[in-house]
There are 2 protein chains.
Amino acid sequence: MEHIKDILPGKVSTKPEELFCYGFDASLRQGIPSAVVRPSNTDEVSRVAAFAYKNKISIIPRGAGSGMTGGSVPLNGSIVISFEGMSRLIDIDEKNMVAVVEPGIINAHLQNSLESVELFYPPDPASMEFCTIGGNVAENAGGPRAIKYGVTRDYVLGLEVVLADGSVVTTGGKTFKGVVGYDLTRLLVGSEGTLGIITKVFLKVLPLPKEIVTLLCIFPEMKNAVLAVPKITALGIIPRTLEFMDHDAIRAVENYKPVGLPLDAEAILLIEVDGRHGQVSEEAEMIAAVCASLGAEIKIAEDAFSRKHLWESRRAISPALYNMAPTKINEDIVVPRGRIPEMIDALRGIAQKHNIKIVNFGHAGDGNIHVNIMTDKNDKEEYQRATDAVKDIFEATLKLEGTISGEHGIGLTKSPYLGMELSKENIGLMKAVKNVFDPVGILNPGKIFP
Amino acid sequence: MEHIKDILPGKVSTKPEELFCYGFDASLRQGIPSAVVRPSNTDEVSRVAAFAYKNKISIIPRGAGSGMTGGSVPLNGSIVISFEGMSRLIDIDEKNMVAVVEPGIINAHLQNSLESVELFYPPDPASMEFCTIGGNVAENAGGPRAIKYGVTRDYVLGLEVVLADGSVVTTGGKTFKGVVGYDLTRLLVGSEGTLGIITKVFLKVLPLPKEIVTLLCIFPEMKNAVLAVPKITALGIIPRTLEFMDHDAIRAVENYKPVGLPLDAEAILLIEVDGRHGQVSEEAEMIAAVCASLGAEIKIAEDAFSRKHLWESRRAISPALYNMAPTKINEDIVVPRGRIPEMIDALRGIAQKHNIKIVNFGHAGDGNIHVNIMTDKNDKEEYQRATDAVKDIFEATLKLEGTISGEHGIGLTKSPYLGMELSKENIGLMKAVKNVFDPVGILNPGKIFP
């Protein structure tokens with residue numbers, strides 16, 4: 001039998017240590033692939049797909065492996081296609097406000113290149129310094145700026161994808177509008193590598209905002225932090241970020257890396273406004289006034305250096321949490337914005353019921369809360385309570401008209417819960433669509449569907 | 001055999017005059033249905049679909065029949081489902097910034113209800129006073145405000161749809177983010193009634209902008225009008241509309257309904273900015289300065305009455321054109337924004353080549369140009385030249401990396417040209433997706449695909 005090494009000589013590894021490293025992602029799930037392939041162009045991806053199709057071997061496209069739900073974790077024996085060799089910034093088309101990139105480009109690299117010509121690509125997942133645009137597209141990644149600027153989907157104008165059989169299809173293109181046939185572009189966005197392999201991305205870009213001001217608002221009372229959100233948008237201002245940290249997140253950060261947050265504060269809002277000179281400082285003052293009237297202590301930063309300082313607490317959350325407990329079960333729920341207080345109450349109840357530590361932070365403006373159950377997977381009894389809590393969290397979320405995943409995807413870790421949110425008919429349609437794109441079932445199998 | 005009248009007694013008409021009236025839309029294409037059904041709720045739609053499925057009769061969902069490409073024109077003998085009886089505004093959920101509506105609600109009615117509680121639904125197709133939200137979703141309607149606020153797709157959070165066999169599926173919901181499974185919501189948006197029948201729509205709404213200022217900028221030279229667009233966005237301002245009219249459109253309007261536009265002007269930009277008090281007038285002044293530096297004469301309106309006056313010319317274009325010639329072939333192309341000058345040149349060349357009148361107006365900020373070939377379909381020879389020009393226009397559009405439909409859809413009128421833009425593989429995928437949703441082929445057949 002022909003081997004994948006014959007298809008792309010010199011670009012295939014079967015070394016055990018590499019197979020191991022390409023077998024897990026940030027979800028810490030693990031599989032062992034039979035090979036890791038690093039193509040340099042679309043044609044090579046196409047040849048790998050055609051080989052896999054013919055031989056009925058699974059293929060798993062992989063960006064940086066920074067996904068939280070196991071989207072890039074291979075089934076044992078499958079082929080991982082890794083995009084280090086396809087990370088070019090093909091074009092910044094300034095006149096048309098479009099960037100064309102290969103999937104392996106790092107989000108922050110794209111951002112930096114764009115900034116140097118006064119352009120701006122808003123989606124900013126927490127992993128932006130190392131995650132790839134291909135992965136962002138596959139998961140429909142969000143980030144703090146989504147409240148004002150939307151998510152990855154809102155910037156993908158078109159895609160080049162390799163289908164399961166190796167054929168190449170382009171959807172959309174460089175125009176900001178277009179209604180020619182079905183919206184396959186947005187069907188592919190968020191499909192987690194289960195419908196096609198992304199080989200080129202056309203992205204809409206914006207003019208770089210002229211000015212940014214950051215406010216750190218420290219609330220003695222949680223309920224006032226929550227009240228501030230609708231009051232801010234009622235001013236006619238949509239901040240570029242509206243991040244939220246609860247009491248336990250604050251304490252975790254201060255224990256890990258003291259930045260001077262009061263340990264008795266119940267909540268913090270980290271708010272950023274951007275826009276034209278003049279306009280921005282005016283808006284920052286309006287927001288500061290609203291938060292102050294609700295009892296918050298405010299710190300304002302107008303230059304990049306002080307802004308970075310204010311963001312330190314937010315950026316420190318993830319590592320700080322690992323200081324609290326060895327295992328973090330990180331969920332990514334969304335409720336309609338106005339229902340955040342009810343959800344926070346429900347989370348408190350669930351923590352008490354299961355006698356488990358839950359730390360919350362996230363994107364208050366979107367209703368997107370990152371719920372972190374802090375536990376130890378080696379403590380079987382506690383871990384079981386944590387697992388039970390997950391189901392309760394999803395039940396409470398859905399009862400509040402929410403969704404069990406806002407920006408992390410379903411992947412492996414959430415697939416057992418898919419049926420809690422979607423009806424059988426809905427899942428049936430999705431599976432039938434999957435079958436259209438991948439009749440042999442070789443594209444990232446085992447993901448999304450239970 | 002059971003008759004559709006038995007399914008929904010009292011809600012089915014087979015009167016010839018009604019069948020005639022429900023047989024055409026704004027494309028002026030015509031078919032004669034066998035029945036018009038006016039359901040009152042989802043269950044009734046479901047029963048109609050189940051009947052049609054069982055008896056293999058085509059069903060055509062219809063809003064106001066204001067579509068430009070024949071999306072709601074029935075095949076002879078099919079059943080039209082008309083949504084006059086499902087036009088309720090089910091809920092304005094102010095706390096969560098979501099509106100829930102039935103498909104038959106008129107766009108402007110929704111806008112007015114929202115405005116009364118200081119909320120805002122941006123998509124504003126020219127037909128907004130009579131078109132329905134169901135039709136807007138089916139066609140992914142745009143409008144002047146798309147440059148700042150996006151199109152219908154960007155506001156649809158979830159849908160309830162009746163599938164071909166009568167089963168009911170809900171996609172998405174009330175959250176602003178969500179990545180649970182494939183994005184069926186956005187697959188259905190713009191699918192022109194060929195995948196399912198929309199029975200409920202969850203829409204994202206925004207805070208109503210506090211203030212609007214309108215500028216009418218009259219340019220002696222076309223090239224300067226085109227230059228103004230990137231100069232405005234480079235200021236860090238995204239206007240809420242950036243509408244464009246060429247010389248012939250200006251003359252047509254002045255002949256039809258004089259509003260005092262100079263007949264020698266080559267182009268007009270109608271620009272609107274919205275936002276907070278103070279901010280808006282400042283931005284209007286910045287835009288006025290840019291346009292004045294490019295030789296434009298500027299009229300500014302800050303109150304609703306004067307704003308309406310400035311919009312009169314833009315609103316008069318469509319009727320004015322019918323004063324010019326009895327038949328208007330209205331195309332809806334988009335080019336990447338920076339390529340508008342090249343497209344305008346190409347259109348001039350095509351008009352000369354075919355010795356035909358072409359009038360252009362549209363959404364300059366999006367690169368979306370409404371190209372109107374003015375002709376007389378009773379003049380066979382001229383009409384043939386006009387038809388030949390259409391193909392040249394599409395060829396020129398695609399050569400400039402554009403798309404042949406920005407917001408009108410494909411429907412009947414553009415389906416012969418689908419293959420000019422999309423590859424066989426791409427169309428093949430779309431047809432296979434269609435087959436998943438509609439295996440018997442009863443949902444709005446004959447649309448989109450040639």
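Residues numbered from 1 in each chain as written. Chains lettered and ligands numbered in written order. Predicted model: local features only at pLDDT ≥ 70, side-chain atom pairs only at ≥ 80, totals over all residues. Heavy atoms only, no water.

Participant: Which residues make up the overall build of chain A, and what values do they have?
Facilitator: Along the backbone of chain A there are 15 helices and 18 strands. Relative to the globule expectation of 22 Å for 450 residues, the C-alpha radius of gyration of chain A, 22 Å, shows essentially globular dimensions. Seen along its three principal axes, the alpha-carbon backbone of chain A occupies a region of about 70 × 60 × 40 Å. Contacts in chain A between residues at least 24 apart in sequence constitute 72% of all its contacts with a sequence separation of at least 6. Element-wise, carbon and sulfur atoms account for 52% of the exposed surface of chain A, whose accessible area totals about 16100 Å². (Helix = DSSP H or I, 4+ residues; strand = E, 2+ residues; numbered from the N terminus. Rg over C-alpha atoms; globule rule 2.2 N^0.38 Å. Contact = heavy atoms within 4.5 Å. Areas by Shrake-Rupley, 256 points an atom, 1.4 Å probe, with all protein chains shown as cover.)

Participant: Residues and numbers for the interface of chain A and chain B, please.
Facilitator: Opposite the 76 residues of chain A that make contact, chain B presents 76 residues. Roughly 6300 Å² of surface becomes buried between chain A and chain B when both sides are summed, with 63% attributable to carbon and sulfur atoms. Three residues stand out in chain A for area buried against chain B, namely Lys177, Tyr182 and Arg276 of chain A, and they jointly supply 16% of the buried area on that side. The residue Lys177 of chain A makes a salt bridge to Asp366 of chain B at a minimum N-O spacing of 3.5 Å. Those elements giving two or more residues to the side of chain A that touches chain B turn out to be strand 9 (168–172), helix 7 (184–188), helix 8 (222–234), helix 10 (279–293), helix 14 (418–421) and helix 15 (424–437) of chain A. Top contributing element to the side of chain A that touches chain B by residue count: helix 15 of chain A, with nine residues. (Buried area = accessible area lost by both parts, 1.4 Å probe. Salt bridge = Lys/Arg side-chain N within 4 Å of Asp/Glu carboxyl O.)

Participant: Now, about the sheet that holds strand 1 (residues 12–13) of chain A: what can you tell me, with residues and values included?
Facilitator: Residue and element names in this part refer to chain A. Pairing is mixed across the open sheet formed by four strands, whose spatial order is 1-2-4-3. The sheet terminates laterally at strand 1 and strand 3 (59–62), the two strands that pair on one side only. Looking at chain direction, strand 2 (residues 35–37) and strand 4 (residues 79–82) are connected through three bridges and run parallel. Bridge pairing in strand 4 places Val36 opposite Val80. (Pairing = 2+ DSSP bridges.)

Participant: Describe the confidence of the model for chain A, and please don't skip the residues or the numbers.
Facilitator: When the pLDDT values of chain A are averaged, the result is 95; 100% of them are 70 or greater. Predicted as a complex, the structure gets a pTM of 0.96 and an ipTM equal to 0.95. (pLDDT = per-residue confidence, 0-100.)

Participant: Any chance you could break down the packing of helix 12 (residues 340–353) of chain B against helix 13 (residues 380–399) of chain B for me, citing the residues and the numbers?
Facilitator: Residues and elements named next belong to chain B. Taken N-terminus to C-terminus, the directions of helix 12 and helix 13 make an angle of 155°; their axes are 10 Å apart at the nearest point. One finds that helix 12 runs roughly antiparallel with respect to helix 13. Relative to helix 13, helix 12 is oriented so that their crossing is right-handed. Across from Met343, Ala346, Leu347, Ile350 and Lys353 in helix 12, the residues of helix 13 making contact are Ala389, Asp392, Ile393, Ala396 and Thr397. The residue makeup of the contact of helix 12 with helix 13, split by class, is seven nonpolar, one polar and two charged. (Axes fitted to C-alpha atoms, helices over the stretch in contact; angles between N-to-C directions. Parallel < 35°, antiparallel > 145°, perpendicular 65-115°, else oblique. Left-handed = near helix turned anticlockwise from the far one by under 90°. Nonpolar A, V, L, I, M, F, W, Y, C, P; charged D, E, K, R; others polar.)

Participant: Describe the pattern of salt bridges, naming the residues involved and giving the relevant values.
Facilitator: According to the stated counting rule, one finds 58 salt bridges over all chains in the structure shown. The salt bridge partner of Lys414 of chain A is Glu331 of chain A, with a shortest N-O separation of 3.3 Å. With Lys414 of chain A in the loop between helix 13 (380–399) and helix 14 and Glu331 of chain A in strand 16 (residues 327–334), the pair connects residues that are 83 residues apart, well separated along the chain. Each member of the pair, Lys414 of chain A together with Glu331 of chain A, is buried. Among the charged side chains, a network of salt bridges with common partners joins Asp91, Asp93 and Lys174 of chain A together with Arg339, Glu342 and Glu401 of chain B. (Buried < 20%, exposed > 50% of the residue type's maximum accessible area, 1.4 Å probe, protein only.)

Participant: Could you give an account of helix 10 of chain A, with specific residues and numbers?
Facilitator: Over its 15 residues, helix 10 of chain A runs 22 Å from end to end, which matches the ideal 21 Å to within 8%, given 1.5 Å per residue. Those residues of helix 10 of chain A that sit buried are Gln279, Val280, Glu283, Ala284, Ile287, Ala288, Val290 and Cys291 of chain A. Here the buried residues of helix 10 of chain A occupy an arc of 165° about the axis, which is enough to place them on one side. Facing away from the buried surface of helix 10 of chain A by more than 90 degrees, the exposed residues are Glu285 and Ser293 of chain A. On the buried face of helix 10 of chain A, the contacting elements are strand 12 (211–219), helix 8, strand 14 (267–275) and strand 15 (297–301) of chain A together with helix 10 (279–293) of chain B. Directly beyond the C-terminal end of helix 10 of chain A, a positive phi value near 90° is found at Gly295 of chain A. (Expected span 1.5 Å × (residues − 1). Arc of directions from axis to C-beta.)

Participant: Give me the lowdown on the domain arrangement of chain A, citing residues and values where you can.
Facilitator: Residues and elements named next belong to chain A. Segmentation of chain A into domains returns domain 1 (4–82), domain 2 (89–207), domain 3 (211–316) and domain 4 (319–417). Summarising the inter-unit geometry, the C-alpha centres of domain 1 and domain 2 are found 22 Å apart. It is Thr42, Pro61 and Ser66 in domain 1 that bury the most area against domain 2; as a group they hold 33% of the surface buried on that side. One can count zero salt bridges joining domain 1 with domain 2. Across the domain 1-domain 2 interface, the total number found is two residue pairs in polar contact (both at pLDDT 80 or more). Where the side of domain 1 that touches domain 2 is concerned, the elements lending two or more residues are helix 3 (42–55) and strand 3. (Domains from an automatic or database assignment. Polar contact = N/O pair within 3.5 Å; in protein donor to acceptor, adjacent residues only side chain to side chain.)

Participant: Give me the lowdown on the side chain of Thr199 of chain A, citing residues and values where you can.
Facilitator: All names here are of chain A. Structurally, Thr199 is set in strand 10 (residues 197–204). Its relative accessible area of 1% is what places Thr199 among the buried residues. In terms of polar contacts, Thr199 uses its side chain to reach the side chain of Glu160, at 2.7 Å. In this structure Thr199 touches Thr42, Val45, Met86, Glu102, Pro103, Glu160, Val161 and Val162, once residues within four positions along its chain are discounted.

Participant: Account for the pairing of strand 3 (residues 59–62) of chain B, naming residues and giving values.
Facilitator: Residue and element names in this part refer to chain B. The alternating pattern of strand 3 places Ile59 and Pro61 and Ile60 and Arg62 on opposite faces, both of which are buried. Taken together, the four bridges between strand 3 and strand 4 (residues 79–82) define a ladder with parallel strand orientation. In the strand pairing of strand 4, Arg62 is matched with Ser82.

Participant: Tell me about the packing of aromatic side chains, residues and numbers included.
Facilitator: Residues and elements named next belong to chain A. A complete count under the given rule lists ten aromatic pairs over all chains for this structure. Note on Tyr121 and Tyr155: the rings are 5.9 Å apart at their centroids and 80° apart in plane angle, and the pair reads as edge-to-face. Remark: Tyr155 occurs in the loop between helix 6 (146–149) and strand 8 (156–162) and Tyr121 occurs in the loop between strand 7 (119–120) and helix 5 (133–139); sequence separation between them is 34 residues. Relative accessible area serves as the criterion here: at 1%, Tyr121 is assigned to the buried category. Between Lys204 and the ring centre of Phe176, over which it is positioned, the NZ or CZ distance is 4.9 Å. (Phe/Tyr/Trp six-rings, centres within 6.5 Å; stacked < 30°, edge-to-face > 60°. Lys NZ or Arg CZ within 6 Å of the ring centre and 35° of its normal.)

Participant: Can you tell me about the relation of the copies chain A and chain B, naming the residues and giving the values?
Facilitator: Each copy superposes on the other: chain A lies on chain B with an RMSD of 0.0 Å after a rotation of 180° and an axial shift of 0.0 Å. Such a turn and shift between the copies fits a two-fold axis. Counting the interface residues of chain A, we find that 100% of their copies in chain B are interface residues as well, pointing to one common contact surface. (Least-squares fit on C-alpha atoms with pLDDT ≥ 70 in both.)

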